[in-house]
Amino acid sequence: MKEIKSTSIQPNVRELLSFATSEKNVEKEYEIYMQSPIRELYGYDLEDEVVGCIGIEFLSPKRCEIKHVAVSLNHRGVGIGSKMISFILEKYSSPFMFAETDKDAVNFYKNYGFKIASLGEKYPGVERFQCILKS
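What counts and how
Residues numbered from 1 in each chain as written. Predicted model: local features only at pLDDT ≥ 70, side-chain atom pairs only at ≥ 80, totals over all residues. Heavy atoms only, no water. Helix = DSSP H or I, 4+ residues; strand = E, 2+ residues; numbered from the N terminus. Buried < 20%, exposed > 50% of the residue type's maximum accessible area, 1.4 Å probe, protein only. Contact = heavy atoms within 4.5 Å. Phe/Tyr/Trp six-rings, centres within 6.5 Å; stacked < 30°, edge-to-face > 60°. Lys NZ or Arg CZ within 6 Å of the ring centre and 35° of its normal. Core = buried A, V, L, I, M, F, W, Y, C linked by side-chain atoms within 4.5 Å. Lys, Arg positive; Asp, Glu negative; His and termini not counted. Salt bridge = Lys/Arg side-chain N within 4 Å of Asp/Glu carboxyl O.

Focus: the side chain of S94
1) Next: On the secondary structure map, S94 appears in the loop between α3 (80-92) and β5 (96-102).
2) Next: By relative accessible area, which is 5% here, S94 ends up buried.
3) Next: Contact partners of S94, with chain neighbours within four places excluded, come to K62, R63, C64, L89 and S135.

So, the packing of aromatic side chains
1) Next: Per the counting criterion, the structure on display carries seven aromatic pairs.
2) Next: With 5.1 Å between their ring centres and 70 degrees between their planes, F108 and Y109 make a pair best called edge-to-face.
3) Next: In this structure an aromatic cluster arises from ring pairing among Y42, F58, F87 and Y92.
4) Next: Stacked on the ring of Y33, the Lys or Arg R39 has its end atom at 5.0 Å from the ring centre.
5) Next: Over the ring of F19 we find R76; its NZ or CZ atom is 4.9 Å from the centre of that ring.

Topic: the nonpolar core
1) Next: Judged by nonpolar contacts, the single largest core of 18 residues is most densely connected at I54, I66, I85, I88, M97, Y109 and F114.
2) Next: Where this core is concerned, the elements lending two or more residues are β2 (39-46), β3 (49-60), β4 (63-71), α3, β5 and β7 (126-134).
3) Next: For this core, the element with the most residues is α3, which contributes four residues.
4) Next: Residues within four places of I66 in sequence aside, it is in contact with I54, G55, I56, I85, M97, F98, A99, Y109 and F114.

Points about the side chain of E40
1) Next: If you trace the backbone, E40 turns up in strand β2.
2) Next: Of the side chains with opposite charge, K5 lies nearest to the buried E40, which makes no salt bridge, at 5.1 Å.

Side note on the pattern of salt bridges
1) Next: Enumeration according to the criterion identifies nine salt bridges in this entry.
2) Next: E27 is paired through a salt bridge with R14; the nearest N and O atoms lie 2.3 Å apart. Of the two residues, E27 is situated in helix α2 (residues 26-35) and R14 in helix α1 (residues 11-20); the sequence distance between them amounts to 13 residues.
3) Next: Under the relative-accessibility criterion, R14 is labelled partly exposed at 29%.
4) Next: Here the residues in one salt-bridge network are E29, R39, E57, E65 and K67, joined through shared partners.

Side note on α1
1) Next: The complete set of buried residues in α1 reads V13, L16, L17 and S18.
2) Next: Where α1 is buried, its residues contact α2, β2, β3 and β4.

Structure representation (structure tokens):
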């Protein structure tokens, strides 16, 4: 895992972020990672290619939020997402991590050990979920 700090967004990082946010928000979100002192973006390399990314926001020394987590389509299901979360937990020793997600990603977080709670229909026709991990 390496921190992504490039001022210009690499095409594969752009694609990864587009899985985790809307296509129209990729540039804005990437810019926030590059500018914000409380956000970090990390890439997971496999054979010199970034195949996963995780973005976190530090709300306090003991509390962080996963803002984005994504793995390329042909590398899903082999534990890369879990490895990225484990990396963040080990690197920052955060006893409280949380994320908000949609129905598609709930099982990923549940399988890792996050507690899941429905936030209801936050957008018309879209149920959102709060995922919390306390150590």
